[in-house]
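Geometric and topological summary
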Amino acid sequence: MNGTMISARRRAGPVPYLLRQTPPHVKLDEGLAVLRLVAAGSSIRDAAGTLGLSVTTAWRRYWWVFDWTLPDSEGLPRGPFPPQRGTRACPSGRPYLPTWPIDNPAVRRPIRRIHGNIPVCARDVLITTGAIGRRLGVSRERARQLSHQPGFPTPEAREGRTRYWAVCDVEAWISQHRPHLADD
């Protein structure tokens, strides 16, 4: 190919990308549908097939709804719609929005550390999802999933992306929801 052919080809840029954006109400409807199917026991792949979406789109919609409702699980008001994971607007990880209360350091409770860097609050020693997972005999990821379930204690504090729970709150939850582990 010569140089004129290469420059004559149309390349994707910001305008075509913006024209292809899906409206938020469509993302919300599709995301809630995927979320319902996954909550009912389907995989994201199965949910995508059921809804006629690609697996990538179903994954993105699922996490878009999850990110938007994340402040609710922390007992905080929702912020604006987040950028969609896996896109140029949010290439990796959970979207950081400075307007979200969850990302605002002023809302976080301070953590004190004693005895070899053990985090404590005014009520008890604090533990992370890793320690909760070890206590329940499950992986850290499963403990993280459980921590987002309704009825799970709210985190006592957070430091960066790490959330901390008071041991007494977690033990109370275990005695109610996993009584076979309460005697350990």
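Quick summary incoming for the structure in this document.

The rules behind each value
Throughout this document, residue positions are counted from 1 along each chain, in the order its sequence is written. With pLDDT at 70 or above as the cut-off, local features in this predicted model cover only qualifying residues; side-chain atom pairs require 80 or more to be listed or tallied, and sums for whole chains, interfaces and linings still use all residues. Values reported for side chains reflect all heavy atoms of the structure, with hydrogen atoms and water molecules removed beforehand. Only protein chains enter the accessibility calculation, which uses a 1.4 Å probe; a residue whose area is less than 20% of its type maximum is buried, one above 50% is exposed, and one in between is partly exposed. A run of H or I in DSSP becomes a helix once it reaches four residues, and a run of E becomes a strand once it reaches two; helices and strands are each numbered from the N terminus. We call two strands paired when DSSP finds no fewer than two bridges between them. What the arc describes is the spread of directions from the helix axis to the C-beta atoms. Definition used in this section: a nonpolar core is a set of buried Ala, Val, Leu, Ile, Met, Phe, Trp, Tyr and Cys residues joined via side-chain atoms within 4.5 Å. Note on contacts: a residue pair is in contact if any heavy atoms of the two residues lie within 4.5 Å. What makes a salt bridge here is a side-chain nitrogen of Lys or Arg within 4 Å of a carboxyl oxygen of Asp or Glu, nothing more. Convention adopted: a line fitted to C-alpha atoms gives each axis, helices being fitted over their contacting stretch, and angles between N-to-C directions are expressed from 0 to 180 degrees. Angle categories: roughly parallel below 35 degrees, roughly antiparallel above 145, roughly perpendicular from 65 to 115, and oblique for all the rest.

Here the focus is the pairing of strand 5 (residues 162–166). The buried fraction of strand 5 is high, at 4 of 5 residues. Two strands pair when backbone bridges link them, and strand 4 (residues 157–159) and strand 5 are joined in this way by 3 bridges, in the antiparallel orientation. Across the sheet, residue arginine 158 finds its bridge partner in strand 5, namely arginine 163. Between the end of strand 4 and the start of strand 5, which pair antiparallel, lie 2 residues, with glycine 160 showing a positive phi angle near 65°.

With that settled, consider helix 7 (residues 140–147). Note that an α-helix has 3.6 residues per turn; residues three or four places apart therefore point the same way. Those residues of helix 7 lying buried are Ala143, Leu146 and Ser147. For helix 7, the angular spread of buried residues about the axis comes to 100°, placing them on one side.

The next point concerns the nonpolar core. Counting residues in each nonpolar core, the largest one holds 12 residues, listed as Ile127, Ala131, Ile132, Leu136, Ala143, Leu146, Phe152, Trp165, Val170, Trp173, Ile174 and Leu181. Mapped by element, the contributors of at least two residues to this core are helix 6 (129–136), helix 7 and helix 8 (167–177). In contact with tryptophan 173, other than residues within four places in its own chain, are Leu136, Leu146, Gly151, Phe152, Pro153 and Arg178. Val34, Ala48, Leu53 and Leu70 belong to the second largest nonpolar core, which has 10 residues in total.

A few words now on the pattern of salt bridges. The final tally for this structure, using the stated rule, is 3 salt bridges. As a salt-bridge pair, arginine 61 and glutamate 30 come within 2.8 Å of each other at their nearest N and O atoms. Of the two residues, arginine 61 is situated in helix 5 (residues 55–73) and glutamate 30 in helix 3 (residues 24–39); the sequence distance between them amounts to 31 residues. The class for glutamate 30 is partly exposed, based on a relative accessible area of 22%. For arginine 135, the salt bridge identified is with glutamate 171, shortest N-O distance 2.9 Å. Note that arginine 135 is positioned in helix 6 and glutamate 171 in helix 8, a separation of 36 residues in sequence. Given the relative accessible area of 22%, arginine 135 is considered partly exposed.

Axis separation between helix 6 and helix 7 bottoms out at 8 Å; the angle between their running directions is 105°. On the basis of their axis angle, the class for helix 6 and helix 7 is roughly perpendicular. Residues Thr129, Gly130, Ile132, Gly133 and Leu136 of helix 6 touch helix 7, and the partners they reach there are Arg140, Ala143, Arg144, Leu146 and Ser147.

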